[in-house]
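The primary structure of each chain is shown beneath.
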Amino acid sequence: MSERAFATVYGPACMYGSLSRIGLLNVLRFLGSIPLGTVEALRFFVEEVGRMIVLLGLSAVWLLRPPFRGREFVRQLDFAGAQSVLLIVLTGTFTGMVFTLQTYNGMHRYGAEAMVGATVALGLTRELGPVLSALMVVARVGSAMTAELGTMRNTQQIDALTSMAVEPVQYLVVPRIFAVTLVLPLLALIFSFTGMVGAYFIASGWLGIDPASFMSGIRNYLGPEDITHGMIKAVVFGLMVSLVACAKGYYVTGGARGIGVATTRSVVLSSVLVLVSDYVMTSLMF
Amino acid sequence: MIVLEDVHKTYGRQKVLDGISFRIREGSVTTVIGTSGSGKSVLLRQMIGLEKPDSGTILIKGENIVNLSSRELNRIRRHIGVLFQEGALFDSLTVKENVAFPVREHLKLTEKQVQEIVDVRLTQVGLREHQDKLPAELSGGMRKRVGLARALALDPAIVFFDEPTTGLDPITRDVIYRLIEKTHAEDSRTYVLVSHDVGGVLRISDEVMMLRDGKIGWSGTPDEIRSTSDEAVRQFFTGSVNGPIRIE
Ligand SMILES: Nc1ncnc2c1ncn2[C@@H]1O[C@H](COP(=O)(O)OP(=O)(O)OP(=O)(O)O)[C@@H](O)[C@H]1O
Ligand SMILES: [Mg+2]
């Protein structure tokens, strides 16, 4: 018998053997030992993910069909984008400043102060810009969207839209998802840029790093692919954050308390998703 | 005309609608009564097409809406107005914008023409001077009146009302009933109400149906209610715990 044939016959047979040795009874015993809460939680999780996939699919369909909700889209651009700029500038500047201090602290020990600019620039554009902007958007925009859509659901405003022959997913969800997905990369850019401005002032003003070497470090080490890397992340974060926020609000149940619970879960879930997917994407694009 | 044939609806293990059949005459005011939890709102949701029944047919203007795609359903919905229980006004829009909303959505009109329609409807419900307020700045009764103005904005052939007077004082209730009578008289619209306001039901309905145990237990005109020997109907209209209707 060839080695290959042996494997095809013997492999499954062996597996069958070990399965029967485990025994049906033991399998049942194992299933029985899973606490009921686990099954419940698993079912809940699958339902939750299913709903989000459905909503994403519906949004994709309604995005392509007229009428296009230009006014709603602009309103969401304003809310998610324009009104977030100040917050992003503020957090970006401080992040850039503290990041510079900490980086200098490390680099200084090896006499590598000239690398501070490049390190801060890479960290901001590839990592901190997209991630922290996304978290700020979760806190400011995602929570508001969940609460707003949840209230609309509870007070039958979504039913009212349907009864007036206005597709609620198209009118409410599509503009929100589209706006946030578009706006988050821009906010991430602003975050990174203002972070760099903050870094520049700390480096040249306080730490006494030569401004020219700070700038040339950035010029030499920061490439367009680093910016692309950050932008790809920001787009994915934007899509995830807005989808979670909309789904949590759109499918809310259970009155005022339900809206409270949905809003909390929306914020927690999107924050966790941002950080986990950030790791996954970084390791894929490394 | 609205025709229901053998409509069933179950949530989980709870059978809410258990074979509902009736016809509603065009141009009439028909009221569905029933105790709290008897399934009146559920019945309404099936007729508006917000939910699909498990089985049965619902004919509106000759079309069975149970089998329609959402696009076809939307075509029919343009001839339907709905006044929701709490008004369901869009709270980010002013009174004026709420009433203009369905008009802007479905008719290609100039801004001036839209404003004219809004003026007519808001004058009708006596709220023109409040047109720039937000829903949060209105009382419950005013919100229902704005809801009525919005429901009538597209001049629908059929209007559904979910408990139009529940939670209002007797005088505001009278205002709402007068509005319903007035707007019904102006065109040959079909009005379908869900209510448990005994006095109002007798006053404005052409036809009354009683929902009980998931079925239409009784139906007739207000005059027939006054003279009926049906124990359940008598119990409902006298408002007594003694009788065939049991509330757990
Ligand atoms: N989405 C739903 N899921 C599960 N059960 C529901 C749902 N909607 C309604 N029900 C059940 O159906 C029954 C009828 O509810 P419905 O809201 O139609 O009552 P109602 O006659 O309108 O009462 P009320 O006069 O108090 O408004 C209730 O027992 C309710 O629990
Ligand atoms: Mg009800």
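Residues numbered from 1 in each chain as written. Chains lettered and ligands numbered in written order. Predicted model: local features only at pLDDT ≥ 70, side-chain atom pairs only at ≥ 80, totals over all residues. Heavy atoms only, no water.

Observations concerning the overall build of chain A
Argument step 1. Secondary structure summary: chain A contains 11 helices and 0 strands in total.
Argument step 2. Listed N to C, the secondary structure of chain A is α-α-α-α-α-α-α-α-α-α-α in terms of helices and strands.
Argument step 3. Against the globule reference of 19 Å for 286 residues, chain A gives a C-alpha radius of gyration of 25 Å, more extended than a compact globule.
Argument step 4. For chain A, the spread of C-alpha atoms along the three principal axes comes to 75 × 70 × 35 Å.
Argument step 5. Out of the 286 residues belonging to chain A, those deemed buried represent 42%.
Argument step 6. Working note: accessible area of chain A is about 15100 Å², and carbon and sulfur atoms make up 73% of it.
Argument step 7. Positive and negative charge centroids in chain A, built from 19 and 15 side chains respectively, lie 8 Å apart. (Helix = DSSP H or I, 4+ residues; strand = E, 2+ residues; numbered from the N terminus. Rg over C-alpha atoms; globule rule 2.2 N^0.38 Å. Buried < 20%, exposed > 50% of the residue type's maximum accessible area, 1.4 Å probe, protein only. Areas by Shrake-Rupley, 256 points an atom, 1.4 Å probe, with all protein chains shown as cover. Lys, Arg positive; Asp, Glu negative; His and termini not counted. Charge placed at Lys NZ, Arg CZ, Asp CG, Glu CD.)

So, the environment of Val66 of chain B
Argument step 1. Relative to the helices and strands, Val66 of chain B resides in the loop between strand E5 (63-64) and helix H2 (70-77).
Argument step 2. Look at Val66 of chain B and you get buried, because its relative accessible area is 14%.

A short note on the domain arrangement of chain A
All names here are of chain A.
Argument step 1. Here chain A is described as being made up of domain 1 (1-65) and domain 2 (68-285).
Argument step 2. Each partner contributes residues to the interface: domain 1 has 13 residues there, and domain 2 has 18 residues.
Argument step 3. With both chains or domains summed, domain 1 and domain 2 bury close to 1400 Å², and 77% of this area falls on carbon and sulfur atoms.
Argument step 4. It is Met52, Leu55 and Trp62 in domain 1 that bury the most area against domain 2; as a group they hold 45% of the surface buried on that side.
Argument step 5. Connecting domain 1 to domain 2 are 1 salt bridge.
Argument step 6. One salt bridge connects Glu48 with Lys248, and the closest N-O pair in it is separated by 2.1 Å.
Argument step 7. Our count for the contact surface shared by domain 1 and domain 2 stands at 3 residue pairs in polar contact (both at pLDDT 80 or more).
Argument step 8. Partitioned by chemical class, the residues of the side of domain 1 that touches domain 2 number 9 nonpolar, 1 polar and 3 charged. (Domains from an automatic or database assignment. Contact = heavy atoms within 4.5 Å. Buried area = accessible area lost by both parts, 1.4 Å probe. Salt bridge = Lys/Arg side-chain N within 4 Å of Asp/Glu carboxyl O. Polar contact = N/O pair within 3.5 Å; in protein donor to acceptor, adjacent residues only side chain to side chain. Nonpolar A, V, L, I, M, F, W, Y, C, P; charged D, E, K, R; others polar.)

A word on the sheet that holds strand E6 (residues 80-83) of chain B
Residues and elements named next belong to chain B.
Argument step 1. Overall, mixed pairing links the 6 strands, which are arranged E6-E7-E8-E3-E9-E10 in an open sheet. One side of each edge strand has no neighbouring strand; the edge strands of this open sheet are E6 and strand E10 (215-220). With strand direction ignored, the average angle separating the axes of adjacent strands in the sheet is 20 degrees.
Argument step 2. Across 4 bridges, the pairing between strand E3 (residues 29-33) and strand E9 (residues 207-212) is parallel. Within E9, the residue paired with Val32 across the bridge is Met209.
Argument step 3. Relative to E6, helix H5 (residues 140-152) is tilted by about 175 degrees, and along the sheet it contacts E6, strand E7 (158-162) and strand E8 (190-194).
Argument step 4. Where helix H6 (residues 170-186) meets the sheet, it contacts E3, E7 and E8, and its direction lies at approximately 155 degrees from that of E8. (Pairing = 2+ DSSP bridges. Axes fitted to C-alpha atoms, helices over the stretch in contact; angles between N-to-C directions.)

Examining the pattern of salt bridges
Residue and element names in this part refer to chain A.
Argument step 1. Using the criterion set out here, one finds 27 salt bridges over all chains in the structure.
Argument step 2. The partner of Arg43 in a salt bridge is Glu47, with the nearest N and O atoms 3.2 Å apart. With a gap of 4 residues between them, Arg43 and Glu47 both fall in helix H3 (residues 36-63), about one helical turn apart.
Argument step 3. For Glu47, a relative accessible area of 39% translates into the label partly exposed.

Re the interface of chain B and chain A
Argument step 1. Contacts between the two partners involve 22 residues from chain B and, on the opposite side, 17 residues from chain A.
Argument step 2. For the chain B and chain A pair, buried surface summed over both sides reaches about 1700 Å², with 54% attributable to carbon and sulfur atoms.
Argument step 3. Contact with chain A buries area across many residues of chain B, yet Phe84, Phe90 and Phe101 of chain B alone supply 25% of it, more than any other trio.
Argument step 4. In this structure, Glu105 of chain B engages Arg69 of chain A in a salt bridge whose closest nitrogen and oxygen atoms are separated by 2.8 Å.
Argument step 5. Between chain B and chain A we count 5 residue pairs in polar contact (both at pLDDT 80 or more) in total.

Some remarks on H5 of chain B
All names here are of chain B.
Argument step 1. Helix length check: H5 (13 residues) gives 19 Å between terminal C-alpha atoms against 18 Å at 1.5 Å per residue, within 8%.
Argument step 2. Most of H5 sits out of view: 11 of its 13 residues are buried.
Argument step 3. Those residues of H5 lying buried are Gly141, Met142, Lys144, Arg145, Val146, Gly147, Leu148, Ala149, Arg150, Ala151 and Leu152. (Expected span 1.5 Å × (residues − 1).)

Here we look at the site of ligand 1
Residue and element names in this part refer to chain B.
Argument step 1. Surveying the vicinity of ligand 1 reveals 13 residues, the closest of which are Gln14, Ser36, Gly37, Lys40 and Ser41.
Argument step 2. One of the side-chain N or O atoms of Gln14 is found 2.7 Å from an oxygen atom in ligand 1.
Argument step 3. Within the backbone of Ser38, a nitrogen or oxygen atom sits 3.2 Å from an oxygen atom of ligand 1.
Argument step 4. Considered on its own, ligand 1 offers 630 Å² of accessible surface; in the complex 62% of this is hidden by protein.
Argument step 5. Every element with two or more residues in the shell around ligand 1 is listed here: strand E2 (14-24) and helix H1 (40-48).
Argument step 6. If one sorts the elements of the shell around ligand 1 by residue count, H1 sits on top with 3 residues.
Argument step 7. Tallied by class, residues from the shell around ligand 1 come to 3 nonpolar, 8 polar and 2 charged. (Near = heavy atom within 4 Å.)

Section: the sheet that holds strand E4 (residues 55-60) of chain B
Residues and elements named next belong to chain B.
Argument step 1. In spatial order, the strands read E2-E1-E4-E5; together these 4 strands make up an open sheet with antiparallel pairing. Whereas interior strands pair on both sides, the edge strands pair on one side only; in this sheet they are E2 and E5.
Argument step 2. Here 8 bridges tie strand E1 (residues 2-11) to E2, and the two strands are oriented antiparallel to one another. Counted as the bridge partner of Ile2 is Ile24 from E2.

A short note on the packing of aromatic side chains
Argument step 1. Going through the model one piece at a time under the given rule, you end up with 8 aromatic pairs over all chains.
Argument step 2. With 5.7 Å between their ring centres and 75 degrees between their planes, Tyr200 of chain A and Phe214 of chain A make a pair best called edge-to-face. Highlighted residues: Tyr200 of chain A in helix H8 (residues 168-206) and Phe214 of chain A in helix H9 (residues 211-221), separated in sequence by 14 residues.
Argument step 3. Given the relative accessible area of 29%, Tyr200 of chain A is considered partly exposed.
Argument step 4. By the ring-pair criterion, three or more aromatic residues cluster together here, those being Tyr171 of chain A together with Phe90 and Phe101 of chain B.
Argument step 5. The aromatic ring of Trp62 of chain A is capped on one face by Arg65 of chain A, whose charged end is 4.8 Å from the ring centroid.
Argument step 6. When the ring centre of Tyr250 of chain A is taken as origin, the NZ or CZ atom of Arg153 of chain A, which lies over that ring, is 4.7 Å away. (Phe/Tyr/Trp six-rings, centres within 6.5 Å; stacked < 30°, edge-to-face > 60°. Lys NZ or Arg CZ within 6 Å of the ring centre and 35° of its normal.)

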